[in-house]
Amino acid sequence: MPVNRNALIRYHTIDQCLQNRYKKWTLDDLIGACSDAIYEYQGIDSGVSRRTVQADMEMMRSNKLGYEAPIVVVDKKYYTYSDKNYSITNSPLNQQDMQVLTEVSGLLKQFKGFNHFADLNEMVSKLEDKIYTQKTHSSPVIDFERNDNLKGLEYIEVIRKAIVAKKAICITYRSFKARQESSFCFSGYLLKEYRNRWFVLGVQHKRAGRNLYNLALDRIQSITDHEEPYQENTTLDLATYYDNCIGVTKSPEQRDCEVVFWIDKENAPYVITKPLHHTQTLLTEDETGKIFSIRVILNFELERELLGFGSKMKVLGPRILVKQLRQQLQKTIDRYNILTDEGAGN
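Residues numbered from 1 in each chain as written. Predicted model: local features only at pLDDT ≥ 70, side-chain atom pairs only at ≥ 80, totals over all residues. Heavy atoms only, no water.

### A short note on the overall build of the protein chain
Point 1. From N to C terminus, the protein chain includes 9 helices and 11 strands.
Point 2. When burial is assessed residue by residue, the protein chain has 37% of its 346 residues classed as buried.
Point 3. Counting only contacts in the protein chain whose residues sit at least 6 apart along the sequence, the fraction spanning at least 24 positions is 56%.
Point 4. Approximately 22,100 Å² of the protein chain is accessible, and the part contributed by carbon and sulfur atoms is 50%. (Helix = DSSP H or I, 4+ residues; strand = E, 2+ residues; numbered from the N terminus. Buried < 20%, exposed > 50% of the residue type's maximum accessible area, 1.4 Å probe, protein only. Contact = heavy atoms within 4.5 Å. Areas by Shrake-Rupley, 256 points an atom, 1.4 Å probe, with all protein chains shown as cover.)

### Details of the packing of helix α2 (residues 27-42) against helix α3 (residues 50-61)
Point 1. Axis separation between α2 and α3 bottoms out at 10 Å; the angle between their running directions is 95 degrees. Between α2 and α3, the interaxial angle falls into the category roughly perpendicular. Along the contact surface, α2 presents Leu27, Asp28, Leu30, Ile31 and Cys34, while α3 presents Arg50, Val53, Gln54 and Met57.
Point 2. The class makeup of the residues in the contact of α2 with α3 is 6 nonpolar, 1 polar and 2 charged. (Axes fitted to C-alpha atoms, helices over the stretch in contact; angles between N-to-C directions. Parallel < 35°, antiparallel > 145°, perpendicular 65-115°, else oblique. Nonpolar A, V, L, I, M, F, W, Y, C, P; charged D, E, K, R; others polar.)

### Thoughts on the side chain of Ser35
Point 1. Tracing the sequence through the fold places Ser35 in helix α2.
Point 2. Reaching out from Ser35, the side chain makes a polar contact with the backbone nitrogen of Val48 at a distance of 3.0 Å.
Point 3. Those residues in contact with Ser35, other than ones at most four positions away along the chain, are Gly47 and Val48. (Polar contact = N/O pair within 3.5 Å; in protein donor to acceptor, adjacent residues only side chain to side chain.)

### So, the sheet that holds strand β6 (residues 212-216)
The strands making up a sheet are joined through hydrogen bonds of the backbone, oriented either antiparallel or parallel.
Point 1. If you trace the 5 strands from one edge of the open sheet to the other, you get β6-β5-β4-β3-β7, paired in antiparallel fashion. The open sheet has two edge strands, β6 and β7 (220-225), and neither has a second partner. This sheet shows a mean twist of 45 degrees between the axes of neighbouring strands, independent of strand direction.
Point 2. Across 5 bridges, strand β3 (residues 169-173) lies against strand β4 (residues 182-194) in antiparallel orientation. When the sheet's bridge partners are listed, Ile169 is paired in β4 with Phe186.
Point 3. Relative to the sheet, helix α6 (residues 156-165) contacts β3, β4, β5 (197-204) and β7, its axis offset from that of β4 by approximately 100 degrees. (Pairing = 2+ DSSP bridges.)

### Here we look at α6
Point 1. Of the residues making up α6, those classed as buried are Ile156, Glu157, Ile159, Lys161, Ala162 and Ile163.
Point 2. On the buried face of α6, the contacting elements are α1 (5-19), α2, β3, β4, β5 and β7.
Point 3. Lys166, located one to two residues past α6, shows a positive phi value of around 55 degrees.

### Some remarks on the pattern of salt bridges
Close approach of charged atoms allows side chains with opposite charge to pair.
Point 1. If you walk through the whole model with that rule in mind, you get 11 salt bridges.
Point 2. Ionic pairing is found between Glu157 and Arg160, a salt bridge with its closest N-O pair at 2.8 Å. Linking Glu157 with Arg160, this pair stays in helix α6, spanning 3 residues, or about one helical turn.
Point 3. With a closest N to O distance of 2.6 Å, Glu305 and Arg195 form a salt bridge. Taken as a pair, Glu305 in helix α8 (residues 300-307) and Arg195 in the loop between β4 and β5 lie far apart in primary sequence, 110 residues in all. (Salt bridge = Lys/Arg side-chain N within 4 Å of Asp/Glu carboxyl O.)

### Considering the sheet that holds strand β11 (residues 313-317)
Point 1. On the basis of which strands lie adjacent, the open sheet formed by 4 strands has the order β9-β10-β8-β11 and antiparallel pairing. Two strands in the sheet have a free side with no partner beyond their single neighbour: β9 (281-285) and β11. On average, each strand axis in the sheet is inclined to that of its neighbour by 30 degrees, with strand direction left out of account.

### Quick word on the packing of aromatic side chains
Point 1. Going through the model one piece at a time under the given rule, you end up with 8 aromatic pairs.
Point 2. Of the aromatic side chains, those joined through ring pairs into one cluster are Tyr173, Phe184 and Phe186.
Point 3. Above the face of the Tyr78 ring, Lys24 is positioned so that its terminal group lies 5.3 Å from the ring centre.
Point 4. Seen from the ring of Tyr241, Lys250 lies directly overhead, with NZ or CZ sitting 4.2 Å from the centre. (Phe/Tyr/Trp six-rings, centres within 6.5 Å; stacked < 30°, edge-to-face > 60°. Lys NZ or Arg CZ within 6 Å of the ring centre and 35° of its normal.)

### Concerning α3
Point 1. Taking 1.5 Å per residue, 12 residues should reach 16 Å; α3 reaches 17 Å between its end C-alpha atoms and fits that length.
Point 2. Buried residues belonging to α3 abut α1, α2, β1 (71-74) and β2 (78-81). (Expected span 1.5 Å × (residues − 1).)

### Some words on the environment of Ala37
Point 1. Within the element layout of this structure, Ala37 appears in helix α2.
Point 2. By relative accessible area, which is 1% here, Ala37 ends up buried.
Point 3. When the C-alpha atoms of Ala37 and Ile9 are compared, they prove to be 7.0 Å apart, with 28 residues separating the residues in sequence.
Point 4. Setting aside anything within four residues of it in sequence, one finds Ala37 in contact with Ile9, Thr13, Gln42 and Lys161.

### What to know about the nonpolar core
Point 1. Membership of the largest hydrophobic core comes to 45 residues, with the highest contact counts inside it found for Ile159, Ile171, Val259, Leu306 and Val315.
Point 2. The contact partners of Ile159, leaving out residues within four places of it in the chain, are Ile169, Leu191, Val200, Leu217, Ile220 and Ile223.
Point 3. Counting 27 residues, the second-largest nonpolar core is a separate cluster that includes Tyr11, Trp25, Cys34 and Val48. (Core = buried A, V, L, I, M, F, W, Y, C linked by side-chain atoms within 4.5 Å.)

### Some remarks on the environment of Asp83
Point 1. Within the secondary structure, Asp83 sits in the loop between β2 and α4 (95-109).
Point 2. Given a relative accessible area of 37%, Asp83 falls into the partly exposed group.
Point 3. Taking the C-alpha atoms as reference points, Asp83 and Val72, 11 residues apart in sequence, are found 9.6 Å from one another.
Point 4. Setting aside its immediate chain neighbours within four residues, Asp83 contacts Arg21 and Pro70.
Point 5. Within the local environment of Asp83, its side chain forms a polar contact with the backbone nitrogen of Asn85, the two atoms lying 3.0 Å apart.

What follows is the structure, given as structure tokens:
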């Protein structure tokens, strides 16, 4: 059954709404979300009718598109999925979907050899593996790193849309250290992924100095629209903001420095083939190992990366970083000594 682009946009919008269980979705809410999505993607500002959204949900409930979505009505007013883990994106691909994906894959493969499209290589591989798995009904041949239990992924598209449309949002947030959640108005600038966790860089409104905040999406409790004017970024070059950083923890006033480290000869090949940072340079080498340098800011993620090598690595500078790592290693030794003493007493 052919499905036009507007219908697909509405289906996916309804799906994203019903996956968000932190908000109760009335029919009017779903109509508004679909109207916003059609305007954003298609430039059509005539809105979406009540009858259209009701028909969309009936289509999603049916097997005509292979969805069989478990859409239910709660308290005769609110729409949700009876299965909290359901999404139409988890449904098996039908023949039309397969044809479209095959055509898209063929188109993207034409750009794989160009440097400007180097980032497409992984995307094309994922797409081709999905097509192969679906066609042959066999197990995937590529196992990409992922975290299926990661929270907050449902907010990626919500935040992306707000950034593109330059709209402020209200975020209810609770950090790991906070005793309770807090709500604030937020203007987002950039979504950033690091080690399968997602973060959004932006500013909190009504905070002095327009300080930047880096919020982890898995600590967000809810997101709603906000009427305050969007506070635009006028100072940061977002394309290069994280270039001198391992991870996501940094502030604009931080300056990078040269970090020098030695690594033994057995593990040096791993650091050569997978550099710690794009600025990595080989300084010297001898029969025991190699000495490298990288130019980055000093932060928690850098310390964790370096400590992960254990006895295979020794950081030579700067002195403040060497001191911090030595303190962390001493704490580790002390913890093991405590465990040893407790074990001896039993």
